[in-house]
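Residue-level structure breakdown
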Amino acid sequence: MNDDEHTEKSKSSYMPLIIASGVAIFLLGLAIYIPVLVAGLIIIVAAVYKMFKDGAAEKFSGTKETPEEETYPLESVTNEKLGLWIFLASEILIFGSLIIAYAYVRVNSGSWPIATQTHNVFLGMTNTIILLTSSLAMILSLYAIRQGNVKGLKIGLGSAFALGIAFLVIKLGFEWPELISKGFTITSGLPASTYYVLTGLHAVHVAVGLVAVGYLIFRAYSLGFTSSKHIAVENVGLYWHFVDIVWMFLFPLFYLI
Amino acid sequence: MDVPFPTLLLNLGEKMPGIKLYIGIWLGLVVATIMEVVIRSLPGPASVFLTIILLIAGVKAIAISLYYQNLRYEGIRLATLPLAAIIGIVFLAVSAGLTITMGM
């Protein structure tokens, strides 16, 4: 086998396809039968494990990073970034569809509670500013590592992580209990169920982002990033900013309008 | 040893704006958020509020995409991905709007 064939083979993997199938089975199980959900989950975990075993872990650690081979089909964009943008495009469709469904239900509904009387605008605004600040911390951490400033990277990532935690604490520790105590529960009607589904899904995304930022912090302290090897910081940052963008719409829709 | 530094990495470094711009964008976003809340507290028709507030939200989202997600410096080919998704959402929104206005 020559080098070209080897390179071509190393880029190919069925695992993403199997993971996608596992996700479909998982969601189907969520809708119809719990054991199907478990089967889907097992497929996802096994495929992710296999993918890492096949060498992705080495790549994440930076020992197998070869930028020249990772820019197909767009010459100026790495495959990781391209894949992440495809993922973000699918996320736009998910949140966009749910927001349109919310707007549709609201417009067709005879009565709807006044947002400023139901929700705590101050807490919503505080959370918006917290998320914006965490985005700033994330982009500054990327800026720092591109300058070779590892200390700046650690401070930026730590700040983004702490602000993400603060967002969830305000959301789940103060806002939701306050609303539930007022009888605004997920089963109390469409205004409440749409609110909890959309803000809950967003909170899950923040939590996933926190895991990813936590991983970056771990790597920053153990394996280390350099000014030329920091693709993970860039990609996690793209996701983190996307979560921020979604909130830019959820805040006015639920708290102001 | 004459090993060329990957062009891709050189380009990434050159295309990144400075700290002052990032902080300026953040300040603008915070001010826009406060403006949304202030506008909502003013007296006037709800439809006007809706339009202005959603317009501000859209501008904020575009600013984050362009500068924090670096889309402004990445080139149009990468931007087609989120744009395609947004076009799909606009199509869905128009369809939903039509079902309401036409009483379907």
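Residues numbered from 1 in each chain as written. Chains lettered and ligands numbered in written order. Predicted model: local features only at pLDDT ≥ 70, side-chain atom pairs only at ≥ 80, totals over all residues.

Description of the interface of chain B and chain A
How big an interface is tends to be reported as the loss of accessible area on association of its parts. Tallying the contact residues gives 40 residues for chain B and 40 residues for chain A. Breaking the side of chain B that touches chain A down by element, the ones donating at least two residues are helix H1 (7–15), helix H2 (19–41), helix H3 (46–68) and helix H5 (76–101) of chain B. A per-element tally of the side of chain B that touches chain A places H5 of chain B first, with 13 residues. Classifying every residue of the side of chain B that touches chain A by side-chain character gives 29 nonpolar, seven polar and four charged. (Contact = placed C-beta atoms within 7 Å. Helix = DSSP H or I, 4+ residues; strand = E, 2+ residues; numbered from the N terminus. Nonpolar A, V, L, I, M, F, W, Y, C, P; charged D, E, K, R; others polar.)

Let's talk about the packing of helix H8 (residues 190–221) of chain A against helix H9 (residues 231–256) of chain A
Residue and element names in this part refer to chain A. Packing of H8 against H9 leaves a shortest axis separation of 10 Å and a crossing angle of 155°. One way to sum up the angle between H8 and H9 is to call them roughly antiparallel. Note on packing geometry: the crossing formed by H8 with H9 is left-handed. Across the interface between the two elements, Tyr195, Leu198, Thr199, His202, His205, Val206, Gly209, Ala212, Val213, Leu216 and Arg219 from H8 touch Ala232, Val233, Val236, Tyr239, Trp240, Val243, Val246, Trp247, Leu250 and Phe254 from H9. Looking at side-chain class alone, the contact of H8 with H9 contains 16 nonpolar, four polar and one charged residues. (Axes fitted to C-alpha atoms, helices over the stretch in contact; angles between N-to-C directions. Parallel < 35°, antiparallel > 145°, perpendicular 65-115°, else oblique. Left-handed = near helix turned anticlockwise from the far one by under 90°.)

Re the domain arrangement of chain A
Per the domain assignment, the segments of chain A are domain 1 (1–64) and domain 2 (88–256). Computed over C-alpha atoms only, the centres of domain 1 of chain A and domain 2 of chain A are separated by 27 Å. (Domains from an automatic or database assignment.)

Regarding the environment of Met138 of chain A
Topologically, Met138 of chain A is positioned in helix H6 (residues 121–146). Taking the C-alpha atoms as reference, Met138 of chain A lies 32 Å from Ser193 of chain A; in sequence the two are 55 residues apart.

Regarding the confidence of the model for chain B
All names here are of chain B. Residues with a pLDDT of 70 or more make up 83% of chain B, whose mean pLDDT is 82. The element-level mean pLDDT for chain B is lowest in H1, coming to 45, with H2 highest at 94. Low pLDDT, under 50, characterises residues 1–14; the stretch is placed with ten contacts to residues that sit more than four places away or in other chains. Two numbers describe this predicted complex: its pTM, 0.82, and its ipTM, 0.82. (pLDDT = per-residue confidence, 0-100.)

Thoughts on the nonpolar core
All names here are of chain A. Among the nonpolar cores identified, the biggest contains 59 residues, and Ala160 and Val213 are the most heavily contacted of them. Sort the elements by how many residues they give to this core and H9 lands first, with 16 residues. Leave out the neighbours within four places in its chain, and Ala160 touches Ser134, Ala137, Met138, Ser141, Val213 and Trp240. (Core = buried A, V, L, I, M, F, W, Y, C linked by C-beta atoms within 7 Å. Buried ≥ 20, exposed ≤ 12 C-beta atoms within 10 Å, placed from the backbone.)

Digging into helix H4 (residues 79–108) of chain A
The end-to-end C-alpha distance of H4 of chain A, which contains 30 residues, comes to 43 Å, matching closely the 44 Å that a straight helix rising 1.5 Å per residue would cover. When we look at burial in H4 of chain A, the residues that qualify are Lys81, Leu84, Trp85, Leu88, Ile92, Phe95 and Tyr102 of chain A. Residues of H4 of chain A that are buried in the fold lie against H8 and H9 of chain A together with H5 of chain B. (Expected span 1.5 Å × (residues − 1).)

Overview of the environment of Lys182 of chain A
Examined against the element boundaries, Lys182 of chain A turns out to sit in the loop between helix H7 (150–181) and H8. For Lys182 of chain A and Ser21 of chain A, which are 161 residues apart along the polypeptide, the C-alpha to C-alpha distance reads 41 Å.

Re H2 of chain B
Between its terminal C-alpha atoms H2 of chain B stretches 34 Å, which fits the 33 Å expected from 23 residues at 1.5 Å a residue. Every buried residue of H2 of chain B is listed here: Ile25, Trp26, Leu29, Thr33, Glu36 and Arg40 of chain B. Looking at the packing, one finds that the buried side of H2 of chain B touches helix H5 (115–118), H6 and H9 of chain A together with H3 of chain B.

What to know about the confidence of the model for chain A
For chain A, per-residue confidence averages 86 on the pLDDT scale, and 87% of positions sit at 70 or higher. Considering only residues more than four positions removed or in separate chains, one finds that residues 1–9 of chain A, a stretch of pLDDT under 50, has two contacts.

A short note on the packing of H2 of chain B against H3 of chain B
Residue and element names in this part refer to chain B. Where H2 contacts H3, the axes come no closer than 10 Å and their chain directions differ by 165°. When the interaxial angle is binned, H2 and H3 end up roughly antiparallel. Between H2 and H3 lies a crossing whose hand is left-handed. In contact with Leu21, Tyr22, Ile25, Gly28, Leu29, Ala32, Met35, Glu36, Ile39 and Arg40 of H2, H3 contributes Phe49, Ile52, Ile53, Ile56, Val59, Lys60, Ala63 and Tyr67. Split by residue class, the contact of H2 with H3 holds 14 nonpolar, one polar and three charged.

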